[in-house]
Amino acid sequence: VRLQDLQQPAVSSKVFVQRDYSSGTICKFQTKFPSELESRLDKQQFEETIQTLNNLYAEAEKLGGKSYLEGCLACLTAYTVFLCMETHYEKVLKKIARYIKDQNEKIYAPRGLLLTDPIERGLRVVEITIFEDRSIGSGR
Amino acid sequence: MKNCEYQQIDPRALSVSPSSAQNHTEKRVQRPRRKWEVFPGKNRFYCDGRIILARQSGVLPLTLGLIVVTCGLFFAFDCPFLVKHLTVFIPVIGGVLFVFVVLSLLRTSFTDPGILPRATPDEAADVEKQIDTSGSSTYRPPPRTKEILINQQVVKLKYCFTCKTFRPPRTSHCSLCDNCVERFDHHCPWVGNCVGKRNYRFFYSFIISLSFLTSFIFGCVITHITLRSQAGKSLVQAIQESPARYPLYLVICFFSIWSILGLSGFHTYLVASNLTTNEDIKGSWSSKRAAEESGNPYSYNSIITNCCVTLCGPMPPSLIDRRGFLPIDEAIPAASASEIELPPFVAKNDAHMCTQSTKDVLERVVHSFDYQGLCPTGTPKTSPLALEVSSTAAPSPETSPSAGCSRQLARHPVAAPCPPFSSSNKRDSLHSINPAFRLASPSPSLSRTTLILGDAPDIGFIPLP
């Protein structure tokens with residue numbers, strides 16, 4: 001398929017999924033299904049994506065033995081350890097980036113949608129870009 | 001409902017090799033700029049974005065100077081005497097404490113406190129749409145608040161006019177730095193930076209270690225004078241015999257001990273109850289609700305847990321991408337620029353790889369525009385949005401200054417599609433190749449549209465239908 005044969009997707013609008021602060025300041029996004037996506041996506045798929053993202057962020061911010069250990073070790077080394085080591089949070093962020101890429105390829109791109117990694121928006125929103133429906137043979 | 005076939009966006013099919021000659025020549029026209037250069041807040045950056053400081057950091061040198069001078073005097077004059085009469089561990093302990101204090105101080109000063117990047121134009125538009133501004137013809141709509149429930153407690157979220165977004169809970173806008181900072185504690189002039197979520201633990205370890213250091217030095221000085229006076233001379237004589245620095249020395253130590261100890265005590269209380277200085281001063285959770293034990297919805301109601309969470313919790317990443325590159329040219333902008341130039345700067349390849357993936361998908365979408373030489377045109381409604389996706393590149397230096405994205409302009413609102421930056425640290429390299437910033441920059445051809453948007457911000461908001 002030559003590039004010229006493909007129609008370029010034009011952005012028709014963007015939907016922003018806001019943060020859900022009901023449990024405090026932890027990173028969590030609202031699972032309410034935006035009405036603009038109704039024609040493109042299943043409610044369930046959307047909820048599943050958001051829920052998985054929420055779970056991943058919860059894992060990043062989890063308080064437990066491991067994170068405390070990391071914190072104490074960092075304190076003892078006057079925080080110089082972070083210059084050579086990656087924090088747990090960062091590791092999970094990479095996991096999230098991979099997940100989003102995966103979702104985009106499998107579910108969202110085929111439907112003319114694109115998920116933007118929340119970290120690129122300061123963890124404020126999950127931005128979903130809706131591309132215009134430019135089907136080649138729309139029969140007009 | 002029309003029966004439509006969605007055009008499948010196949011990322012793989014749309015990739016364009018970054019090495020097309022046309023792009024190369026265009027790419028080299030301008031030096032690739034990093035995002036910190038156009039950061040909208042009042043911060044100063046050094047070492048090519050690795051170090052971030054508030055605009056007025058005038059007292060930081062004083063703080064450092066006081067610490068260094070006091071310790072220097074201690075090592076020079078007291079240590080020889082005390083080593084001879086007591087133990088050799090005195091300077092060792094002093095040395096360790098001194099190093100810890102200085103490291104903590106520098107870490108506090110140079111770390112991003114948790115700055116929240118400003119909203120992109122689309123986000124701001126979306127938020128505006130959701131706010132009811134019917135019938136309001138005032139120049140500036142009344143302050144907007146949103147009430148939410150956190151752990152069964154009502155919390156008001158305020159709308160930040162500078163950052164064009166509703167502030168997350170515990171976030172406050174620092175007027176000195178002109179940034180919204182998460183879990184904002186206070187702006188510390190001694191440290192020359194805001195104290196927020198990301199550097200509170202450094203600040204706390206700084207004041208605790210400083211308390212120990214000043215107490216230690218004070219103790220040693222007292223011991224020194226006592227020992228001297230015991231050697232047959234009176235106390236007054238001992239002081240008179242020693243160099244005249246002692247009075248000043250003691251005075252500095254004495255006052256700093258009380259103020260530092262007091263501050264440490266205060267912050268220990270804050271840590272134990274999971275409060276910020278800001279909240280404590282404003283009395284956000286004070287005994288208005290005398291019936292409840294703790295009005296603070298963020299507290300875990302256990303001192304140990306609160307301490308652990310605040311001081312040893314996971315280290316959140318920097319949300320601003322300081323060292324990422326701004327897209328420069330239109331064609332294959334940051335795509336090739338960042339792919340080619342960022343790797344050297346990205347210390348961790350896996351970080352590169354992971355952000356690369358998101359970037360790739362976006363780039364391919366964008367490249368599809370560029371490759372066809374198609375500039376999305378359209379009504380103002382769609383153009384900013386189209387702008388976003390098609391830009392990948394260039395920040396258009398011509399647009400930037402005009403859109404007010406210069407570092408000097410503390411607050412140029414929204415339409416400046418100048419994105420915030422990411423931290424320079426290697427460990428934050430995750431965000432350095434941030435396609436979001438390419439998205440947010442308009443392509444030069446649409447700069448006019450952007451400018452139009454840019455002029456409007458203060459007139460309330462441009463309703464994007």
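- Labelled according to an unreviewed UniProt entry, chain B appears under the name Palmitoyltransferase, originating from Dicentrarchus labrax.
- Word for word, the UniProt comment on chain B under Catalytic activity (unreviewed entry) is "L-cysteinyl-[protein] + hexadecanoyl-CoA = S-hexadecanoyl-L-cysteinyl-[protein] + CoA".
- Under Subcellular location (unreviewed entry), UniProt gives the following word-for-word description of chain B: "Membrane".

- Where an unreviewed UniProt entry is consulted, chain A appears under the name Golgin subfamily A member 7, with the organism given as Dicentrarchus labrax.
- Check the Subcellular location (unreviewed entry) section of the UniProt entry for chain A; it says "Golgi apparatus membrane".

Focus: the UniProt feature "transmembrane region" (unreviewed entry) in chain B
Residue and element names in this part refer to chain B.
Next, step 1: Residues annotated by UniProt as "transmembrane region" (unreviewed entry) correspond here to residues 59-77, 83-106, 202-226 and 246-272.
Next, step 2: As a span, residues 59-77 carries 95% helix and 0% strand, and end to end its C-alpha atoms are 27 Å apart.
Next, step 3: Within the segment residues 83-106, helix and strand shares are 88% and 0% respectively, and the terminal C-alpha atoms sit 30 Å apart.

Regarding the confidence of the model for chain B
Residues and elements named next belong to chain B.
Next, step 1: Here chain B shows a mean pLDDT of 67. Residues at 70 or above account for 53%.
Next, step 2: Here residues 329-354 is modelled with pLDDT under 50, and outside its nearest four sequence neighbours on either side it reaches 86 contacts, counting other chains as well.
Next, step 3: pLDDT under 50 marks residues 370-465. Its contacts with residues more than four places away, or in other chains, come to 273 contacts.
Next, step 4: The ipTM value of the predicted complex is 0.84, and its pTM value is 0.67.

Things to note about the sheet that holds strand β7 (residues 172-174) of chain B
All names here are of chain B.
Next, step 1: With antiparallel pairing, the three strands of this open sheet are ordered in space as β3-β8-β7. Taken across any chain shown, the strands that pair with only one partner, and hence form the sheet edges, are β3 (115-116) and β7.
Next, step 2: Relative to strand β8 (residues 179-181), β7 runs antiparallel, the two sharing three bridges. Residue pairing for β8: His 173 is matched across the bridge by Cys 180.

Focus: unusual backbone geometry
Residue and element names in this part refer to chain B.
Next, step 1: Located in the positive-phi region is Lys 164, a residue other than glycine, with phi close to 60°.
Next, step 2: Overall, Lys 164 belongs to the buried group, its relative accessible area being 8%.
Next, step 3: We note that Arg 170 has phi near 70°; this positive angle belongs to a residue other than glycine.
Next, step 4: Along the chain, Arg 170 falls in the loop between β6 (165-166) and β7.
Next, step 5: With relative accessibility at 12%, the residue Arg 170 sits in the buried group.

The rules behind the values
- Sequence positions are assigned chain by chain, starting from 1 and proceeding in written order.
- Working convention: letters from A go to chains and numbers from 1 go to ligands, in the order in which they are written.
- Predicted model: local features are reported for residues with pLDDT of at least 70 only, side-chain atom pairs are reported and counted for 80 or more only, and whole-chain, interface and lining totals are derived from all residues.
- The side-chain figures draw on all heavy atoms in the structure; neither hydrogens nor water molecules are used.
- UniProt positions are given in the numbering used here, feature names are shortened, and annotations may be inferred rather than shown by experiment.
- A helix here means a DSSP run of H or I that spans at least four residues, while a strand means a run of E at least two residues long, and both kinds are numbered starting from the N terminus.
- Every residue gets a pLDDT, meaning the predictor's confidence in that residue, from 0 to 100.
- The contact criterion used throughout is that any non-hydrogen atoms of two residues lie within 4.5 Å.
- Strand pairing is defined by DSSP finding a minimum of two bridges between the two strands.
- Throughout, exposure labels follow a simple rule: accessible area from a 1.4 Å probe, protein chains only, divided by the maximum for the residue type, with under 20% read as buried, over 50% as exposed, and the rest as partly exposed.

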